[in-house]
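Residue-level structural notes
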Amino acid sequence: VLEADGEVLDATARFLAQPVAPARRRIALLNASFAHATQGDLARAIECVEEAMSLASGPNTEYDRQECRAQRATFFMMRGDLGEAESELRDSITFFVKAAREGSYQDLLRVRGNLGFCLLMQGRVEESASILRPVIQEAQRIDARDVLAINAPVYGLALARLGEPAGPLMTQGLRLAY
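Keep in mind that this is a model prediction, so the values were computed, not measured.

**Some details on the packing of aromatic side chains**
Taken as a whole, this structure holds three aromatic pairs when the rule is applied. When the ring of Y63 is compared with that of F96, the centres are 5.0 Å apart and the planes differ by 55°; the resulting orientation is tilted. Taken as a pair, Y63 in helix α4 (residues 62-78) and F96 in helix α5 (residues 82-98) lie far apart in primary sequence, 33 residues in all. Side by side, Y63 and F96 carry an identical accessibility label, which is buried.

**What about helix α8 (residues 145-161)?**
Between its terminal C-alpha atoms α8 stretches 24 Å, which fits the 24 Å expected from 17 residues at 1.5 Å a residue. Along α8, the residues classified as buried are V147, L148, A149, N151, A152, P153, V154, Y155, G156, A158 and L159. Just downstream of α8, G163 is the residue with a positive phi angle, here 85°.

**Some details on helix α7 (residues 125-142)**
A turn of α-helix holds 3.6 residues, and therefore any two residues three or four places apart point the same way. Compared with the 26 Å implied by 1.5 Å per residue over 18 residues, the 26 Å span of α7 between its first and last C-alpha is a close match. Downstream of α7 by one or two residues, D143 has phi in the positive range, about 60°.

The rules behind the values
- Residues numbered from 1 in each chain as written.
- Predicted model: local features only at pLDDT ≥ 70, side-chain atom pairs only at ≥ 80, totals over all residues.
- Heavy atoms only, no water.
- Phe/Tyr/Trp six-rings, centres within 6.5 Å; stacked < 30°, edge-to-face > 60°.
- Helix = DSSP H or I, 4+ residues; strand = E, 2+ residues; numbered from the N terminus.
- Buried < 20%, exposed > 50% of the residue type's maximum accessible area, 1.4 Å probe, protein only.
- Expected span 1.5 Å × (residues − 1).

Have a look at this one:
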């Protein structure tokens with residue numbers, strides 16, 4: 001994975017060295033931010049996503065800014081800034097619910113799943129489970145396997161911490177992930 005991320009970063013650097021339209025630059029920066037995060041460089045990941053966010057300005061770009069904020073929130077969560085991550089995730093969810101667009105429902109499920117994980121990391125297990133339960137139910141209903149692969153094990157862990165059986169959720173998520 002690290003080799004592939006290095007390739008993404010090299011290709012992104014070459015791409016961004018050229019004159020590029022802001023919307024395309026934003027997408028490249030978001031890809032680079034994920035690669036940096038995967039390599040453990042969260043500071044650089046956050047820098048890239050914030051630069052991407054700055055490019056989403058003007059009319060009709062609030063959705064793009066919120067996508068950037070949701071990704072930045074994930075990086076905050078990864079570096080342990082759980083309060084900041086929770087606030088950004090909640091703001092993003094509120095926005096995505098109000099500004100739903102075609103094809104965005106799985107994105108909303110992913111952000112809700114990240115909020116559930118963030119709450120679990122804070123020890124707020126019941127609240128986490130109450131958020132993750134509908135994420136899992138909806139992901140199953142629409143066959144969103146990537147959402148299930150990530151969130152089923154997290155929900156299973158929340159259930160286990162509540163003393164409830166979690167085995168099927170844990171194995172379902174792991175089976176989908178691998």
